[in-house]
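An overview of the molecular structure
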Amino acid sequence: MPLHSNTDLDHDDEIIEDSNPTDNPEFANMLIKRRSILKGGAGLMTASFFGSLPLMGCATGAGTKLATSGTGKSLTRPTALKFTAVPHYTGGNMIVADGYHAELILPMGTPIVSGLGKWTDDRMVVGKSFKYRMGDNHDGMWFFGLKNGSYAPDVSERGLLAMNHEYTNSNLNPIENYSNQDDTAPKIFQKRRLANDVRREIHAHGVSVVEIKRTPTGYELIKDSPFNKRYTSGTPTRLSGVAKGSEFVKTRLDPQGLSSVGINNQCGAGLSPWGTYLTTEENFLNVFARGADKGIIGDKNDKRLARYGLKEDTIGDPAYSWHTPKDGQAGEFDHWDITAKAGKTATDDYRHTFNTFGYITEIDPFNPKAKAVKRTSLGRFAHENCAFAPPNEGEPLVFYMGDDARGEYIYKFVSDAKWTNADVGGGLAVGDKYLDKGTLFVAVFHDDGTGQWRELSKKNPMLADFESDAEIAVFARMAGDRVGATKMDRPEWVSVSPITREIYVTLTNNSKRKEEDVNGANPRSYDGKGNQHGHIIRFAETAGGVGDKFVWDIYLFASPHDKHEQNLSGLTAENDLSSPDGLFFDPRGVLWIQTDDGAYTKTTNCMLLASLPNHIGDGATLSTTTGKTTHMGAKATPDTLKRFFVGPKGCEVTGITMTPDCKALFINIQHPEGTFGAVAGGKTPRSGTVVITKKDGGVILAESLDG
Ligand code: FEO
Ligand code: CA
Ligand code: CA
Ligand code: CA
């Protein structure tokens with residue numbers, strides 16, 4: 001039954017087929033499959049809804065047609081998941097579904113150029129050498145086909161893999177020497193770290209771009225490719241968009257506010273419609289320190305810093321303390337301490353360096369000479385990832401984003417410029433066109449299953465107190481507060497269905513969600529532990545991407561299958577999960593779900609599941625046992641949701657991309673325990689990339705089409 005009264009969402013699928021204005025054969029084929037998916041249920045899309053689907057899968061890349069497999073067969077979404085579910089697993093290795101092969105490549109420390117020593121298990125490699133090694137804690141990534149030195153969205157055999165390195169942990173460095181302890185020093189300097197250890201961490205953050213080529217069992221690095229490059233927390237960057245040159249980003253590093261140094265805490269990944277890599281800055285708070293300076297900067301600035309988590313006289317995460325080495329070079333580490341100095345101005349010290357972090361950051365993998373560009377117009381917050389709605393020629397582009405912290409918001413950005421397919425392959429100059437001028441919105445989810453986008457600009461009278469659009473962007477969270485945005489259970493990845501254009505967002509969990517604070521879109525809180533297992537919400541624009549209205553429901557409630565009170569989606573041992581995080585629609589519309597869990601790990605390590613979602617309104621309205629009414633999608637079955645892979649103990653399974661031919665799936669294993677990823681005979685587990693291929697060399701999940 002249709003969930004919402006909005007008639008835009010209540011057309012039958014005959015209209016869908018008639019509405020397709022393209023002559024794209026892959027697309028037509030997909031629609032036929034779609035009809036069988038929708039059989040028996042209420043159809044969803046209006047003519048314009050489907051008619052506006054582009055010629056590309058949003059996942060494969062800009063301007064590409066949906067790829068075809070080597071057999072010439074069109075790639076269509078399977079109608080059911082036929083593989084045998086991978087069971088719960090708590091061991092130190094990884095398990096993938098029968099018939100598939102999983103291979104670990106590019107572990108942390110791997111040199112990406114010749115002439116550099118291998119990573120050694122004693123962890124003594126020189127810190128700066130990480131400018132030329134794979135960084136730590138691999139996260140979001142994207143595969144870019146490569147041919148004749150350029151972006152080739154249909155090519156799978158050779159490509160550039162752009163990959164995030166989210167953070168560093170204790171496995172990176174030898175046991176630290178903290179003999180510099182000085183209890184008489186100012187609080188943020190009482191414990192000083194060694195320069196080489198901090199350098200290792202600074203350069204093990206950021207992004208790697210590496211060229212890879214297909215092998216019989218997976219992919220391998222092409223060392224010394226001219227495209228191989230690291231962007232780290234020590235690399236110069238360019239600031240762009242509404243906050244560029246504004247007072248909020250002027251620092252001693254660049255008194256004009258046009259640049260900064262370092263990208264940090266790259267988490268989820270995105271692709272731009274023109275074929276560049278959109279990386280993110282999430283928990284950048286951790287690497288900054290702030291001394292006692294409230295009396296210097298005043299209440300307003302103190303509140304801004306506190307809203308972004310950095311209270312007076314604290315270090316974001318003391319384990320980093322990047323500002324502390326005494327044995328560094330002049331100016332090398334100073335800017336991680338943002339304390340405002342008495343008698344100084346913002347261009348004499350580093351008080352605003354913090355404001356130059358927290359952005360969607362664009363990298364052109366095909367232009368290694370270019371700097372990473374921070375796109376300030378998309379707002380400053382703990383960005384998880386960024387996903388675009390399939391573009392329509394002549395219409396603005398729309399990007400969706402989540403702020404991953406408890407009770408933070410979901411945003412979208414609508415470009416001023418209208419899309420043209422001629423911009424594919426145009427690199428960062430095209431980014432300047434679409435990402436620097438536009439409008440930022442924040443989401444309000446009403447309990448009745450509708451929602452509203454509220455504009456974050458000076459045009460919104462609710463934001464009269466903000467002095468400029470630059471202030472609104474740099475302190476987007478505060479603007480969201482002011483307009484009444486809905487506090488979500490930690491928005492993680494966003495992905496847009498290439499079939500329905502519905503936007504899916506993982507809400508990983510929220511230990512602070514109190515029973516009295518549940519709302520329709522975040523309706524669960526149990527046992528004093530809040531929303532322990534998380535859920536996946538989805539929404540659809542009802543007034544077009546530029547409009548301000550949407551409808552939503554909850555695609556999936558994560559839960560252990562035997563926690564009956566919480567298991568609202570009908571999960572079984574074959575598909576139960578906790579804390580969904582990574583999320584990726586592949587080019588065919590298969591939705592892949594990854595977990596970053598700490599609540600179900602006695603039963604199973606983190607995992608990757610495949611799913612075949614239907615559409616908003618395919619379920620029912622229900623009351624949770626906490627008494628909150630919500631709108632839930634159809635219950636899962638093993639045909640529509642199934643565990644495909646389980647990683648090693650202690651890990652998070654994150655980051656996901658697929659080759660255009662859908663024959664290789666790349667995922668990342670973050671912070672494993674035991675000896676996973678260690679060198680032969682070594683003891684240090686390492687993060688790395690896992691390439692999953694079908695043993696018969698075929699298209700992943702295609703068996704269900706053959707059956
Ligand atoms: Fe870096 Fe929100 O995960
Ligand atoms: Ca994440
Ligand atoms: Ca997470
Ligand atoms: Ca992580």
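Notes on the structure follow.

1. Things to note about the coordination of the calcium ion (ligand 4)
Only Glu166 (OE), Glu652 (OE) and Gln670 (OE1) from the protein reach the calcium ion (ligand 4) as donors, at distances of 2.2 to 2.6 Å. In this structure Glu166 comes out as buried when scored by relative accessible area, which is 8%.

2. Considering the pattern of salt bridges
Counted according to the given criterion, the structure contains 35 salt bridges. With its nearest N and O atoms 3.1 Å apart, the salt bridge here joins Lys412 to Glu541. With Lys412 in strand β19 (residues 410–418) and Glu541 in strand β24 (residues 535–541), the pair connects residues that are 129 residues apart, well separated along the chain. In this pair, the class of Lys412 matches that of Glu541, namely buried. With a closest N to O distance of 3.3 Å, Asp548 and Lys549 form a salt bridge. For Lys549, a relative accessible area of 45% gives the class partly exposed.

3. Structural notes on the coordination of the calcium ion (ligand 2)
Distances from the calcium ion (ligand 2) to its protein donors, namely Glu384 (OE), Glu492 (OE), Asp581 (OD) and Asp581 (OD), fall within the range 2.2 to 2.6 Å. Here the donor residues of the calcium ion (ligand 2) share one chain and are spaced in sequence as E-x107-E-x88-D. A distance of 3.8 Å spans the gap from the calcium ion (ligand 2) to the calcium ion (ligand 3), which Glu492 bridges by coordinating each metal. With Glu384 in strand β17 (residues 383–388) and Asp581 in strand β26 (residues 580–585), this pair connects stretches of sequence that are 197 residues apart. Accessibility classification places Glu384 together with Asp581 in one group, the buried group.

4. Examining helix α6 (residues 427–435)
Turning to α6, its buried residues number three or more, namely Gly427, Leu428, Val430, Gly431, Tyr434 and Leu435. Angular distribution of buried residues about the axis of α6 spans 150 degrees; they occupy a single face of the element. Taken together, the buried residues of α6 touch β9 (236–240), β12 (277–279), β15 (360–363), β16 (372–375), β18 (396–403) and β19.

5. Details of the sheet that holds strand β33 (residues 664–670)
With respect to topology, four strands assemble into an open sheet ordered β2-β34-β33-β32, the strand pairing being antiparallel. In this open sheet, the two strands that pair with only one neighbour each are β2 (100–105) and β32 (652–658). Recorded for the sheet is a direction-independent mean angle of 25 degrees between the axes of neighbouring strands. Pairing geometry for β32 and β33, over six bridges, is antiparallel. Across the sheet, residue Thr657 finds its bridge partner in β33, namely Phe666.

6. A closer look at the nonpolar core
Core analysis: the largest hydrophobic core is formed by 121 residues, its most contacted members being Trp592, Ile593, Phe644, Phe645, Leu665 and Leu701. Setting aside anything within four residues of it in sequence, one finds Phe645 in contact with Val86, Met94, Ile95, Val96, Ala102, Met607, Leu608, Val653, Ile667, Ile669, Val690 and Ile692. Within the second largest apolar cluster, 26 residues are counted, among which are Ala389, Phe441, Leu507 and Ile537.

Scoring rules and cut-offs
Counting restarts for each chain, with residues numbered from 1 along the sequence as it is written. Lettering of chains starts at A and numbering of ligands starts at 1, both following the order in which they are written. Per-residue local features are limited, in this predicted model, to residues with pLDDT of at least 70; the limit for side-chain atom pairs, both in listing and counting, is 80 or more; totals at the level of whole chains, interfaces and linings are taken over all residues. Each side-chain value is worked out from all heavy atoms of the structure, with water and hydrogens disregarded. Each metal site is built from N, O and S donor atoms within 2.8 Å (3.2 Å for Na, K and Ca), and since water is not included, such sites may look incomplete. Relative accessible area decides the class of each residue, using a 1.4 Å probe on protein chains only: under 20% of the type maximum gives buried, over 50% gives exposed, and in between gives partly exposed. The salt bridge definition used is simple: a Lys or Arg side-chain nitrogen within 4 Å of an Asp or Glu carboxyl oxygen. Numbering goes from the N terminus for both helices and strands, where a helix is a DSSP run of H or I of at least four residues and a strand is a run of E of at least two. For this quantity, the arc is that covered by the directions from the helix axis to the C-beta atoms. Here, two residues are considered to be in contact whenever any of their heavy atoms come within 4.5 Å of each other. At least two DSSP bridges between two strands are needed for those strands to be called paired. Angles run from 0 to 180 degrees between N-to-C directions of axes, and those axes are lines fitted to C-alpha atoms, restricted for helices to the stretch in contact. To form a nonpolar core, buried Ala, Val, Leu, Ile, Met, Phe, Trp, Tyr and Cys residues must be joined to one another through side-chain atoms within 4.5 Å.

Read these as layout, nothing more, since geometry by itself doesn't imply function.
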